[in-house]
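Topology and contacts: notes
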Amino acid sequence: MVYVIVTTAVLLFLNIYSSRTSQRLFYQSKESSMVEKCLLASTEVANLEVLNTTTVTDLIGQMRTMQVTRLIVTDRSGVAVYDSLTGEDSAVGKYVLLPEVCQALSGLDVFSWYYRDGAMQSMAATPVMSYGVLSGCVYMLESDNMQGMLMRSLINSILSVTLSLELALLVFSITFSNAFSVRLRRIMASMRIIREGDYSHKVVMGGHDELTVLGEEFNDLTERLQASEHKRRQFVSDASHELKTPLASIKLLSDSILQNDMDPETVREFVSDIGDEADRLNRMSQKLLNLTRSEAPAEVVEPILMGPTIQRVQRMLSPLAEKSQIRVALDLSEDVPVPVPEDDLYQIAFNLAENAIKYTAPGGIVTIRLRKMADRAFLVVADTGVGIPEDAIGHVFERFYRVDKARSRKSGGSGLGLSIVRNMVERNRGVIHVESQVGKGSTFTVEFPCVSKEAEA
Ligand SMILES: Nc1ncnc2c1ncn2[C@@H]1O[C@H](COP(=O)(O)OP(=O)(O)OP(=O)(O)O)[C@@H](O)[C@H]1O
Ligand SMILES: [Mg+2]
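Residues numbered from 1 in each chain as written. Chains lettered and ligands numbered in written order. Predicted model: local features only at pLDDT ≥ 70, side-chain atom pairs only at ≥ 80, totals over all residues.

1. Considering the overall build of the protein chain
Heads up, the condition is: A run of DSSP states H or I qualifies as a helix once it reaches four residues; a run of E qualifies as a strand once it reaches two. Both are numbered from the N-terminal end. A radius of gyration in this sense is built from C-alpha atoms; the matching globule rule multiplies 2.2 Å by the number of residues raised to 0.38. Counting other C-beta atoms within 10 Å of a residue's own tells you its class, since 20 or more makes it buried, 12 or fewer makes it exposed, and anything in between is partly exposed; those C-beta atoms are placed from the backbone.
When its secondary structure is counted, the protein chain shows 12 helices and 12 strands. Computed over its C-alpha atoms, the radius of gyration of the protein chain comes to 53 Å, more than 25% above the 23 Å expected for a compact globule of 457 residues. Principal-axis analysis of the C-alpha atoms places the extent of the protein chain at approximately 160 × 60 × 35 Å. Within the protein chain, buried positions represent 25% of all 457 residues.

2. Focus on the sheet that holds strand E7 (residues 327–331)
Put simply, the test is: In short, DSSP must find at least two bridges between two strands for them to pair. Axis lines are fitted through C-alpha atoms, for helices just across the contact stretch, and the angle between N-to-C directions can take any value from 0 to 180 degrees. With C-beta atoms placed from the backbone, a contact is any residue pair whose C-beta atoms sit within 7 Å.
The five strands lie next to each other as E7-E9-E10-E12-E11, forming an open sheet whose pairing is mixed. Pairing within the sheet leaves two strands with one partner each, and these edge strands are E7 and strand E11 (431–437). Ignoring strand direction, the axes of neighbouring strands in this sheet form an average angle of 15 degrees. Two strands pair when backbone bridges link them, and E7 and strand E9 (residues 365–373) are joined in this way by five bridges, in the parallel orientation. From the neighbouring strand, Arg327 faces E9, where its bridge partner is Ile365. Lying on the sheet, helix H8 (residues 342–358) is in contact with E9, strand E10 (376–383) and strand E12 (441–449); it crosses E10 at an angle near 25 degrees.

3. Here we look at unusual backbone geometry
If you check the backbone angles, Ala374 has positive phi at about 50 degrees while not being a glycine. Structurally, the position occupied by Ala374 is in the loop between E9 and E10. Among the residues examined, Ala374 registers 7 C-beta atoms within 10 Å and is labelled exposed. Despite not being glycine, Phe400 shows a phi value in the positive range, around 65 degrees. Along the chain, Phe400 falls in the loop between helix H9 (390–393) and helix H10 (405–410).

4. Examining the pairing of strand E2 (residues 80–83)
Each regular strand displays side chains that alternate between the two surfaces of the sheet. Note: strand E1 (residues 70–75) against E2, three bridges, orientation antiparallel. Directly across from Thr74, in E2, lies its bridge partner Ala80. The turn joining E1 and E2, which pair antiparallel and follow one another in sequence, is formed by four residues; a positive phi near 95 degrees is taken by Gly78.

5. Looking at the domain arrangement of the protein chain
The line we're drawing: Those domain boundaries reflect an automatic or database domain assignment.
Taken as a whole, the protein chain is organised into domain 1 (2–154), domain 2 (199–294) and domain 3 (300–456). Measuring from the centre of the C-alpha atoms in domain 1 to the corresponding centre in domain 3 gives 109 Å.

6. Some details on the sheet that holds E2
The strand order across the open sheet formed by five strands is E2-E1-E5-E4-E3, and the pairing between neighbours is antiparallel. At either margin of the open sheet sits one strand with a lone partner, and together these are E2 and strand E3 (110–116). Taken over all neighbouring pairs, the strand axes of this sheet differ in orientation by 15 degrees on average, direction set aside.

7. Digging into helix H4 (residues 145–195)
One turn of the α-helix equals 3.6 residues, which is why residues spaced by three or four share an orientation. Definition in use: One less than the number of residues in a helix, times 1.5 Å, gives the span that helix is expected to have.
The terminal C-alpha atoms of H4 lie 73 Å apart, and with 51 residues this matches the ideal 75 Å at 1.5 Å per residue to within 8%. Elements in contact with the buried residues of H4: helix H1 (2–46), strand E4 (119–130) and helix H5 (210–259). The positive-phi residue at the C-terminal boundary of H4 is Gly197, with phi of around 115 degrees.

8. Here we look at the site of ligand 1
Rules: In this text, near has one meaning. A residue is near a molecule or strand if its C-beta atom, placed using the backbone, is within 6 Å of it. When residues are grouped by polarity, Ala, Val, Leu, Ile, Met, Phe, Trp, Tyr, Cys and Pro land in nonpolar, Asp, Glu, Lys and Arg in charged, and all others, Gly among them, in polar.
In the vicinity of ligand 1 there are 23 residues, among which Arg402, Val403, Gly413, Gly417 and Leu418 approach most closely. Within the residue set of the shell around ligand 1, elements represented by two or more residues are H8 and helix H11 (417–427). Ranked by residues supplied to the shell around ligand 1, first place goes to H8 with three residues. Tallied by class, residues from the shell around ligand 1 come to nine nonpolar, 10 polar and four charged.

9. Brief notes about the packing of H5 against helix H6 (residues 264–294)
Threshold: Angles below 35 degrees are treated as roughly parallel, those above 145 as roughly antiparallel, those between 65 and 115 as roughly perpendicular, and all remaining angles as oblique. Here a crossing is taken to be left-handed if its near helix is turned anticlockwise relative to the far helix by less than a right angle, and right-handed if that turn runs clockwise.
As a packed pair, H5 and H6 sit with axes 9 Å apart at the nearest point and diverge in direction by 165 degrees. Comparing their axes, H6 and H5 come out roughly antiparallel. Taken as a pair, H5 and H6 cross one another with a handedness that is left-handed. On H6, the residues touching Ala239, Glu242, Leu243, Pro246, Ser249, Ile250, Leu253, Ser254, Ser256 and Ile257 of H5 are Val267, Phe270, Asp273, Ile274, Glu277, Ala278, Arg280, Leu281, Met284 and Leu288.

Here's what the structure looks like:
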């Protein structure tokens, strides 16, 4: 609509402007030719010694170029001494009360025109000055059919061009806007379908314009939405499944205590089991919280050295290592600053070292090494433990995944540790990989971009 209104206004303006301009051109050419003729006649009349009907008629008769519809010559009082019209309507001897004559008698050159019955009537009048004194005026009237028709047909053709242009524009606008809104409506319909929850729906656009690109972007967005929705459902179902197991144990143990007549020793044992399960729930909810936190983008931090954090992890894990009779060896000689938050680094190192201790038989060794190569910093956690079977290596970073479910559960594992580690490594622009051989041990390597000392200085 706006498009149509704007173009109509422009066309209307062009129409009026071109009509006016062509009229003005006609007017100007007419004016100059008429005024010129009038001046010529008045100069000739001024040269006459006596101004009367006979002298003027003689003079006009000699001037061949005076082909006008009517020519009147008056004396200074406005009484006609010559009129090209003869017979009854002749003005000779009468006062000529035309406005052009009155103005010319006051000393002005006059030109005016109007349309009547398809003819252009142009009037011009000039004073006759002989020896600086006003002695009369010359008045001319020209009725021009040809010019009038030409003008009318020009204006008409400008109008018809304008109208047909406007019509074409209207048809074009309606067709174009219809085609556009059909495509737009298709996208909107798809949006509604997806809002209802059908993420598999795709919008088919065709064509090669911006709407096609919009459709493609939209499909891309829905695909991502579908993937994240799938992930969310999977997570909720996994999490509730994992929480169900300790809750079921607690319920079973408490029911047994209530229903059976037990000796105090067994009751104590059962209650302690209930406490263990509660601890497990507690740890799991803490891990779930960590997992959610690890999915947010990392904040920008000052680079830190990894060594102190690794030492803290070793201290925290020493009771577990002692209990499992495992020696934890550190090699922190190649420490470099990395742009990773201390909390993230702690979580990464703690989970990897905890796993290494948990999945290594008594008497084994866990080694934590720091290495630097080019502009990369490496954290390597190696153990001499049970190792990971080849078909499981690809899955250890998945949530709730455990190689040996029964064994891992007994040791309190929830299968979340490595997925937290991977999220934290990746959000700090690092990469993690694992090598393992069943029965020989596993090596987890975390790689970060490091900040060189020179750059820091
Ligand atoms: N160093 C390792 N040696 C052998 N197996 C490992 C090692 N690290 C991880 N795994 C295997 O990968 C699985 C996933 O590890 P992850 O740390 O994610 O879970 P978890 O240790 O079982 O539980 P959580 O860490 O949440 O307490 C473990 O259950 C274990 O089977
Ligand atoms: Mg773990």
